[in-house]
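One-letter residues, chain by chain:
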Amino acid sequence: MDKGPIGVFDSGYGGLTILREICGLMPQYDYLYLGDNARAPYGTRSFDVVYEFTSQAVRYLFGQGCHLVILACNTASAKALRTIQQKDLPRLDPHRRVLGVIRPTVEIVQSISQTRHVGIMATPGTIRSRTYELEIAKLCPDIKVTGEACPMWVPLVENEEYDKPGADYFVSQRIESLLRRDPLIDSIILGCTHYPLLMGKIRQYMPQGIHIIEQGGYVAQSLKDYLHRHSGMEQSITRGGSVRFLTTEQAETFQKKATIFMGGPVEAERVQL
Ligand code: DGL
């Protein structure tokens, strides 16, 4: 069996916040990042379309030699992961794996919330899928979950407006709306990989004492545990410490923005799925 890098996929730039944490924790492996920037955002698209686009991306990454692909996108994890795992994988290659970001995030909620009232801020697609509610109900049925769709947050990030004055209105509006709907919330999951870029504004408008849960570190730790438990998969990963970036949009635009996310220079190639 030929070894390959770990594939990391997102609709655009958000998955870089996950990739950064994974690379930080496991710098020894090779990584291949794919951003479907030409078709982002996914958050307002239907189930069928998100599944179709995500499935194309996964097949592309398999074709590039990845045995393991991380959907570093909540919308894709909510709307496409299960179908890919149950329908696509047995047909494509039962030995390859696709993992999402929702389960590792949900697993830590139970130890964090004291009031047992948790808020989810995510794209309209993730909120409408009710995946977080269903997953939390399985693990901790005593927790009350309130979801708040934030349709403007991803466009603010994709358009580099996340730290500009215009973002204040959209960020404060959604936080106030969520806390009005359930004032007992003591923990909020940022259920979209783009949102860490808005952290400055989110902290500014979040009342003191509310725990803000960022996924990157938990997803990275969960992947490390997974590879520890699945030595066959771990053996299938090349170990060169490299990161390659692919985008479906212009490489130059991606490079410029990805540099902000990664905190260092990024070289990208444009690909067609
Ligand atoms: N970053 C993706 C997520 O975690 C969403 C971005 C989009 O709407 O495309 O949900």
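Computed from a prediction, not measured in an experiment: that's the story for all the values here. (Residues numbered from 1 in each chain as written. Predicted model: local features only at pLDDT ≥ 70, side-chain atom pairs only at ≥ 80, totals over all residues. Heavy atoms only, no water.)

A. Representation of the nonpolar core within the structure. Tyr195, Ile202 and Leu227 are the most contacted members of the largest nonpolar core, which totals 55 residues. In this view, Ile202 contacts Trp153, Val171, Ile175, Leu190, Tyr195 and Ile212; residues no more than four positions away in its chain are not counted. Of all hydrophobic cores here, the second largest spans 22 residues; its members include Tyr42, Cys66, Leu81 and Leu246. (Core = buried A, V, L, I, M, F, W, Y, C linked by side-chain atoms within 4.5 Å. Buried < 20%, exposed > 50% of the residue type's maximum accessible area, 1.4 Å probe, protein only. Contact = heavy atoms within 4.5 Å.)

B. Local environment of unusual backbone geometry. Between Ala40 and the following residue, Pro41, the backbone shows a cis peptide bond with an omega angle of 0 degrees. Take Pro41: it is sitting in the loop between strand 2 (31-35) and helix 2 (47-63). With a phi close to 65 degrees, Arg116 is a non-glycine residue in the positive phi region. Residue position: Arg116 is located in the loop between helix 5 (102-112) and strand 5 (117-122). A positive phi is found at Glu160, a non-glycine position, where the angle reads about 55 degrees. As for its placement among the helices and strands, Glu160 is situated in the loop between helix 8 (153-158) and helix 9 (165-181). (Helix = DSSP H or I, 4+ residues; strand = E, 2+ residues; numbered from the N terminus.)

C. Looking closely at the pattern of salt bridges. Tallied over the entire structure, the rule returns 15 salt bridges. The partner of Glu107 in a salt bridge is Arg103, and the shortest N-O contact between them spans 3.2 Å. Note that Glu107 and Arg103 are positioned in helix 5 at a spacing of four residues, about one turn of the helix. A salt bridge links Glu269 to Arg244, with the shortest nitrogen-to-oxygen separation between them at 3.1 Å. One end of the pair, Glu269, is in strand 10 (residues 268-270); the other, Arg244, is in strand 9 (residues 243-247), with 25 residues separating them in the sequence. (Salt bridge = Lys/Arg side-chain N within 4 Å of Asp/Glu carboxyl O.)

D. Local environment of the packing of aromatic side chains. Across all of its chains, the model carries nine aromatic pairs by this definition. Each ring, one from Phe245 and one from Phe254, has its centre 6.2 Å from the other, and the planes form 45 degrees; the classification is tilted. Each member of the aromatic cluster is reached from another via a ring pair, and the members are Tyr13, Tyr33, Phe245, Phe254 and Phe261. When the ring centre of Phe47 is taken as reference, the NZ or CZ atom of Lys79 above it lies at 5.0 Å. The residue whose ring lies beneath Arg96 is Phe62, and the NZ or CZ to ring-centre distance is 5.3 Å. (Phe/Tyr/Trp six-rings, centres within 6.5 Å; stacked < 30°, edge-to-face > 60°. Lys NZ or Arg CZ within 6 Å of the ring centre and 35° of its normal.)

E. Molecular detail of the site of the ligand. Lining the immediate surroundings of the ligand are 13 residues, of which Ser11, Tyr42, Asn74, Thr75 and His194 lie closest. Taking Tyr42, its main chain carries an N or O atom lying 2.6 Å from an oxygen atom of the ligand. A total of 300 Å² of accessible area belongs to the ligand in isolation, and the protein chains cover 99% of it. A class-by-class count of the residues in the shell around the ligand yields five nonpolar, seven polar and one charged. (Near = heavy atom within 4 Å. Polar contact = N/O pair within 3.5 Å; in protein donor to acceptor, adjacent residues only side chain to side chain. Areas by Shrake-Rupley, 256 points an atom, 1.4 Å probe, with all protein chains shown as cover. Nonpolar A, V, L, I, M, F, W, Y, C, P; charged D, E, K, R; others polar.)

F. Representation of the sheet that holds strand 1 (residues 6-10). In space, the six strands of this open sheet follow the order 4-3-1-2-9-10, with parallel pairing throughout. For this open sheet the edge positions go to strand 4 (97-99) and strand 10, each flanked by a neighbour on one side alone. When the angles between neighbouring strand axes are averaged without regard to direction, this sheet yields 20 degrees. Bridge count between strand 1 and strand 2: five bridges; the pairing is parallel. Paired with Val8 across the two strands is Tyr33, which belongs to strand 2. The strands touched by helix 1 (residues 16-25) within the sheet are strand 1, strand 2 and strand 9, with strand 2 carrying the most contacts at an inclination of about 170 degrees. Helix-sheet contacts for helix 4 (residues 81-92) involve strand 3 (68-71) and strand 4, and the interaxial angle to strand 4 is about 170 degrees. (Pairing = 2+ DSSP bridges. Axes fitted to C-alpha atoms, helices over the stretch in contact; angles between N-to-C directions.)

G. Local environment of the side chain of Glu148. Turning to its location among the elements, Glu148 is positioned in strand 6 (residues 144-149). Judged by relative accessible area, which is 4%, Glu148 ranks as buried. A polar contact of 2.8 Å, which involves the side chain of Glu148, links it to the side chain of Arg174. Those residues in contact with Glu148 that sit more than four places away from it in its chain are Ile120, Met121, Ala122, Ile127, Arg174, Ser177, Leu178 and Arg181.

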